[in-house]
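Structural overview for review
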Amino acid sequence: MSQRYDRGSVEDFGRWTEFSAGMWAWVFHKFTGWVLVGYLFAHIAVLSTAIEGAATYNATLQGLESLLVVRVMEVGLLAVAVFHILNGMRLLLVDLGVGLEAQDKSFYASLVLTGAITVASVPTFLAGLGGG
Amino acid sequence: MARHYSSFDRRGWRWLLQRVTAAFLVVVLAFHFFLLHFVHHAADITFAGTRFRMSNLGYFATMWLFLVTATFHGVNGVYNALVNQGIAGTQKRVAQVVLVAAGALLVVQGTRVAVAMAGISI
Amino acid sequence: MSTEPQQPEPETESEPEPEPEPESREPGHARRTAETEKARRADERERARTGEQRRHAAEAEDTYHLKVFRYDPDVEAKAEPHFDDFHVPYEEGMTVLDALIHARDEYDSSLTFRHSCRQAICGSDAMFVNGQQRLCCKTQLSALEEPVRVEPLPHQQVIKDLVVDMEHFYEQMEAVEPYFQGETPEDPTTEQRQSRENRETVKMSTRCIWCGACMSSCNVAAGDNEYLGPAAINKAYRFAMDDREEEAVKEHRMDVLAQEHGVWRCQTQFSCTEVCPKDIPLTEHIQELKREAVKSNLKFW
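The structure reproduced in this document is the subject of the present report. (Residues numbered from 1 in each chain as written. Chains lettered and ligands numbered in written order. Predicted model: local features only at pLDDT ≥ 70, side-chain atom pairs only at ≥ 80, totals over all residues. Heavy atoms only, no water.)

**Overview of the overall build of chain B**
When helices and strands are tallied, chain B shows 4 helices and 0 strands. Looking at chain B as a whole, 46% of its 122 residues qualify as buried. Looking at chain B alone, contacts between residues at least 24 apart form 75% of all its contacts between residues at least 6 apart. (Helix = DSSP H or I, 4+ residues; strand = E, 2+ residues; numbered from the N terminus. Buried < 20%, exposed > 50% of the residue type's maximum accessible area, 1.4 Å probe, protein only. Contact = heavy atoms within 4.5 Å.)

**Some remarks on the nonpolar core**
Membership of the largest hydrophobic core comes to 72 residues, with the highest contact counts inside it found for Leu66(C), Leu100(C), Leu141(C), Val150(C) and Leu289(C). Beyond its immediate sequence surroundings of up to four residues, Leu100(C) is in contact with Leu66(C), Val68(C), Leu111(C), Phe113(C), Met127(C), Cys136(C), Val150(C) and Leu162(C). (Core = buried A, V, L, I, M, F, W, Y, C linked by side-chain atoms within 4.5 Å.)

**Quick look at the interface of chain C and chain A**
Frequently, the measure chosen for interface size is the accessible area removed from exposure when the parts meet. Chain C puts 29 residues into the contact, and the matching count from chain A is 23 residues. When the two sides are added together, the surface that chain C and chain A hide from each other amounts to roughly 2,400 Å², 50% of it contributed by carbon and sulfur. Considering only the surface of chain C that becomes buried against chain A, His155(C), Gln157(C) and Phe270(C) emerge as the three largest contributors, covering 23% of it. At the surface where chain C touches chain A, the tally comes to 0 salt bridges. The interface formed by chain C and chain A includes 5 residue pairs in polar contact (both at pLDDT 80 or more). Within the residue set of the side of chain C that touches chain A, elements represented by two or more residues are β5 (148-151), α7 (219-223), α10 (271-275) and α11 (282-300) of chain C. Residue contributions to the side of chain C that touches chain A peak at 5 residues, all from α11(C). Of the residues belonging to the side of chain C that touches chain A, the class tally is 10 nonpolar, 13 polar and 6 charged. (Buried area = accessible area lost by both parts, 1.4 Å probe. Salt bridge = Lys/Arg side-chain N within 4 Å of Asp/Glu carboxyl O. Polar contact = N/O pair within 3.5 Å; in protein donor to acceptor, adjacent residues only side chain to side chain. Nonpolar A, V, L, I, M, F, W, Y, C, P; charged D, E, K, R; others polar.)

**Things to note about the state of the cysteines**
Residue and element names in this part refer to chain C. Here the structure, examined in full by the defined rule, presents 0 disulfides over all chains. Take cysteine 214: it sits in no disulfide, and the sulfur closest to it among the cysteines is that of cysteine 272, at 6.3 Å. On the basis of relative accessibility, which here comes to 8%, the residue cysteine 214 falls in the buried class. (Disulfide = S-S within 2.5 Å.)

**A look at the pairing of strand β3 (residues 126-129) of chain C**
Note on strand geometry: in a regular strand, side chains alternate between the two faces of the sheet. Residue and element names in this part refer to chain C. Side-chain alternation along β3 places Ala126 and Phe128 on one buried face and Met127 and Val129 on a second face that is also buried. In the sheet, β3 pairs with strand β4 (residues 132-135) via 4 bridges, with the strands oriented antiparallel. Across the sheet, the residue bridging to alanine 126 is leucine 135, located in β4. Linking β3 back to β4 in an antiparallel pair, the connection comprises 2 residues, with asparagine 130 at a positive phi of about 45°. Where β3 and β5 come together, 2 bridges link them in antiparallel fashion. If you follow phenylalanine 128 over to β5, its bridge partner there is glutamate 151. (Pairing = 2+ DSSP bridges.)

**Considerations on the interface of chain B and chain A**
At the junction of the two partners, chain B supplies 35 residues and chain A supplies 31 residues. Carbon and sulfur atoms make up 77% of the area that chain B and chain A hide from each other, which totals about 2,800 Å². Of all residues in chain B, the largest losses of buried area upon contact with chain A belong to Phe33(B), Phe47(B) and Leu106(B), amounting jointly to 20% of the total for that side. Summed over the shared surface of chain B and chain A, the result is 1 salt bridge. The partner of Arg19(B) in a salt bridge is Asp95(A), with the nearest N and O atoms 2.6 Å apart. At the boundary of chain B and chain A, one finds 5 residue pairs in polar contact (both at pLDDT 80 or more). Looking at the side of chain B that touches chain A, the elements with two or more residues in it are α1 (12-39), α2 (47-55), α3 (57-84) and α4 (89-118) of chain B.

**Details of a nonpolar patch on the surface**
Residue and element names in this part refer to chain A. A contiguous nonpolar patch, built from Leu64, Leu67, Val69 and Met73 and spanning about 380 Å² of accessible area, is present on the exposed surface. On the secondary structure map, leucine 64 appears in helix α3 (residues 54-65). The exposure class of leucine 64 is partly exposed, given its relative accessible area of 31%. (Patch = residues over 30% accessible without salt bridge, like charges linked within 9 Å, V, L, I, M, F, W, Y side chains within 5 Å. Areas by Shrake-Rupley, 256 points an atom, 1.4 Å probe, with all protein chains shown as cover.)

**Structural notes on unusual backbone geometry**
All names here are of chain C. Each neighbour pair has its own omega, and for glutamate 146 with proline 147 the value is -10°, a cis peptide bond. Here the phi dihedral of glutamate 177 falls at roughly 50°; this positive angle occurs in a residue that is not glycine. Tracing the backbone shows glutamate 177 in the loop between α4 (167-175) and α5 (196-203). At aspartate 279, a residue that is not glycine, the phi angle is positive and equals roughly 55°.

**What about the packing of aromatic side chains?**
Applying the stated rule across the entire model yields 16 aromatic pairs over all chains. Residues Phe28(A) and Phe107(A) carry aromatic rings whose centres are separated by 6.2 Å and whose planes lie at 45° to one another, so their mutual orientation is tilted. Of this pair, Phe28(A) sits in helix α1 (residues 21-47) while Phe107(A) sits in helix α5 (residues 103-126), placing them 79 residues apart in sequence. When its relative accessible area of 2% is taken as the criterion, Phe107(A) is described as buried. On the numbers, 6.3 Å between centres and 90° between planes, the contact of Phe83(A) with Phe107(A) is edge-to-face. Within this pair, whereas Phe83(A) is found in helix α4 (residues 68-95), its partner Phe107(A) is found in helix α5, the two being separated by 24 residues in sequence. This pair shows no difference in class: Phe83(A) is buried, exactly as Phe107(A) is. Members of the aromatic cluster, connected to one another through ring pairs, are Phe19(A), Trp24(A), Phe28(A), Phe83(A), Phe107(A) and Tyr108(A). Sitting over the ring of Phe83(C), Arg149(C) keeps its end group 4.4 Å from the ring centre. (Phe/Tyr/Trp six-rings, centres within 6.5 Å; stacked < 30°, edge-to-face > 60°. Lys NZ or Arg CZ within 6 Å of the ring centre and 35° of its normal.)

**A short note on the sheet that holds β4(C)**
Residue and element names in this part refer to chain C. Pairing is mixed across the open sheet formed by 5 strands, whose spatial order is β2-β1-β5-β3-β4. In this open sheet, the two edge strands, each paired with only one partner strand, are β2 (82-89) and β4. Looking at each pair of strands side by side, their axes are set apart by 35° on average, direction ignored. (Axes fitted to C-alpha atoms, helices over the stretch in contact; angles between N-to-C directions.)

**Observations concerning the environment of Gln103(A)**
Along the polypeptide, Gln103(A) turns up in helix α5. A residue is classified by how much of its surface remains accessible, and Gln103(A), at 4% relative accessible area, is buried. Separated by 10 residues in sequence, Gln103(A) and Leu93(A) place their C-alpha atoms 9.2 Å apart. The contacts of Gln103(A), once residues within four sequence positions are left out, are Gly22(A), Arg90(A), Phe270(C) and Glu274(C).

**A few points about the pattern of salt bridges**
Residue and element names in this part refer to chain C. Counting across every chain of the model gives 19 salt bridges over all chains. Aspartate 161 is paired through a salt bridge with arginine 70; the nearest N and O atoms lie 3.2 Å apart. Pair noted here: aspartate 161 is in the loop between β6 (158-160) and β7 (163-164) and arginine 70 is in strand β1 (residues 63-70), with a separation of 91 residues, a long-range link. The buried category is assigned to aspartate 161, whose relative accessible area is 0%. Beyond isolated ion pairs, a larger network of salt bridges with shared partners links Arg70, Lys78, Asp84, Asp108 and Asp161.

Fair warning: the whole summary comes from geometry, so function is off the table for now.
Given below as structure tokens:
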């Protein structure tokens, strides 16, 4: 509909409480995808300091890693990547026509696993902060 | 609108490539995260260590492929999201040009970085 | 099913063996008696419960509260969309459509909605009921929480009240050429038989009643107006998978399906599959067509 009648909350995201598993999986996959592609560009930009030489590279990386914000964001990045990987595998199976009846359960499983892996890795990511 | 579906575009190849790169990325991204956050902590990474890893041809090749596939997967994903949103006409054309340019730029810059890390002088 | 209280059947009581059984009987026999006894008691309990339910129904003033979307651009009072409340007396087995019909016939004759066969065949009365696309004639009121919100299908233009413009949906359905295109045999009276296996493959896809619930639920179809949508793709699946059509026809069908706004737009959110009142595995069919398209592409290279 090119000029469709706007029914306010009837449409789309106003209905988020009524989304089903498959829709949430899509929303999350898209969101994490945007984050990852954004990070990819930022990542290459930061690593570009390697072209300047060892000193700049080391200073930049260590400077960033000493910031709490960066560490926290890295945990976030891990969560995003893990979800995208797990849900991505779910989608690959769906594309192969495997386990379509369990698509909601596999989404919940991806979520739970993502949470578990993220929580478990927090100590690793915050290790050595402040102390050096 | 319904009648002018052309029979020339069979763009299944982008769909297929998105899946093929996905399968590759699942493995390599997990490896990348594991190696550079759990085996080596991100904070302890130095240029010397990076050069040591990148001097290994297999690692270098994997990382370069990682760069290329991730760029394709990401840029194509963004494009798909925009098409799903219903962009068309000039907007779509602009999106294509911008995304292809951004992707190409990323691959070129990424390759330069990789070369510098490995210490190959051109 | 009769709900009249029935006399216990005399045979149950006068079974050849009386209940206190001597131990001499083999164990199998004893089990059988125990089973009949259990079944009889379950039956009694069941009867008592339905009786109780009925009494409750009579006591409470049994009405269902409906909130119905109203909009009519031609009437000043209704040009601003709003919800009207209807309290419809409930009868056992009442569907949302029955309730709407009652509301229209008894309370407000201007309440407008499409319906025809009332048995999930014509596909006229798909609406957005309590946040989901449902076919009103096969949605039991008793399965819904009150108040029951009835709205027109989302992502389609509202013409009046619960009536939406289906034109775009029909256009997409027509775009896939939803008719059999096998070659006519020399003698046109010859039957064109389909193998049992092939019939099984397309069986579910033939059940589509063109209600438009799937299209309305689809997030991608909402954004991309050119997307064929689940119903049209499923319709195409029904013919593309039919062995009786020639290879060239199938190629043609795949061309229509594999263009940019065809199967590739499906994001496997499974919304269509979940709302389909005919339980057609729409997502599965779309996925199968994607693989078909890739396969025929690879063959081509």
